[in-house]
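Read off the chains here:
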Amino acid sequence: GGRPLNSDRAQFFLPASIDVDAATGDIYVADGETPTGNQRIAVLDRNGRFLRQWALHRTEAERDLTPLPHCLRLSDDGLVYVCDRSEDRIHVFQKDGTFVSEHIIAPATRSQGSTWDLDFSHDPEQKYIYLADGQNMKVYIILRETMEVLTAFGDGGRQPGMFFAVHSIAVDSDGNIYTTETYEGSRVQKFVYKGMGNIPAGAEGTNSQGVLWPSQ
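Remember, it's a predicted structure, so these values are computed and weren't measured experimentally.

Rules behind the numbers
- Residues numbered from 1 in each chain as written.
- Predicted model: local features only at pLDDT ≥ 70, side-chain atom pairs only at ≥ 80, totals over all residues.
- Heavy atoms only, no water.
- Helix = DSSP H or I, 4+ residues; strand = E, 2+ residues; numbered from the N terminus.
- Buried < 20%, exposed > 50% of the residue type's maximum accessible area, 1.4 Å probe, protein only.
- Contact = heavy atoms within 4.5 Å.
- Pairing = 2+ DSSP bridges.
- Axes fitted to C-alpha atoms, helices over the stretch in contact; angles between N-to-C directions.

Caption draft 1: Just the side chain of Glu181, in detail. If you trace the backbone, Glu181 turns up in strand S14 (residues 177-181). Looking at Glu181, the relative accessible area reads 7%, which means it is buried. Every residue in contact with Glu181, bar those within four places of it in the chain, is listed here: Met162, Phe163, Phe164, Ala165, Val166, His167, Ser186, Arg187 and Gln189.

Structure representation (structure tokens):
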């Protein structure tokens, strides 16, 4: 079951995300955003020469699934995080393609799935992951060590602090969060970091008030 891994070394087909290993210059590509794409992680050297590739993890019970790599980020401790958007999960690999773990986020999500894009905090340990969920219109803050979802903010809508298909996310060195929205969202929002503290029940961040992270 499933579509075979495309092994073309000369071209990509519907690549969705790219990241560069700062230590080696190797280029990692999530190649295949839709079922008609290549459905692989491909790695090139800094000169564009093909090095290796691998498919997303799939158990025997999942042999009829078609995992699709929609986002890809390299952590500073040598791991490759890949969003399998349609299956609501994040796959973690070593740089050689060895599977490490998978983590399901919002497993009841249907349609386009919950894992659209992610970024890391800029502390030395990259303690937090920030995950954009375009289907549920939220951003999750995740403790990277355990992959526990600590909190989330946002909701569906067009007002500031709400989302319409939040697609991409980035975090700067000051902790501020930037999001983009696709389809008819068509905008960029900035959420200002306000420090760490307990979040009152039901509280949400907005792009004027920022996001309070939970204390550990």
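Caption draft 2: Structural detail: unusual backbone geometry. Of note, the phi angle at Ser111 is positive, near 60°, even though the residue is not glycine. For Ser111, a relative accessible area of 59% translates into the label exposed. Of note, the phi angle at Met147 is positive, near 60°, even though the residue is not glycine. With respect to the helices, strands and loops of the structure, Met147 is situated in the loop between strand S11 (138-143) and strand S12 (148-153). Judged by relative accessible area, Met147 falls into the buried class, the value being 9%.

Caption draft 3: The sheet that holds S11, seen in detail. Taken together, the 4 strands give an open sheet; going across it, the order is S9-S10-S11-S12, and neighbouring strands pair in antiparallel fashion. Both outer strands of the open sheet, strand S9 (117-120) and S12, are each paired with one neighbouring strand and no more. Averaged over all adjacent pairs, the angle separating strand axes in this sheet is 25°, with direction ignored. The sheet contact formed by S9 and strand S10 (residues 128-133) spans 4 bridges and is antiparallel. For Asp117, the partnering residue across the bridge sits in S10 and is Ala132.

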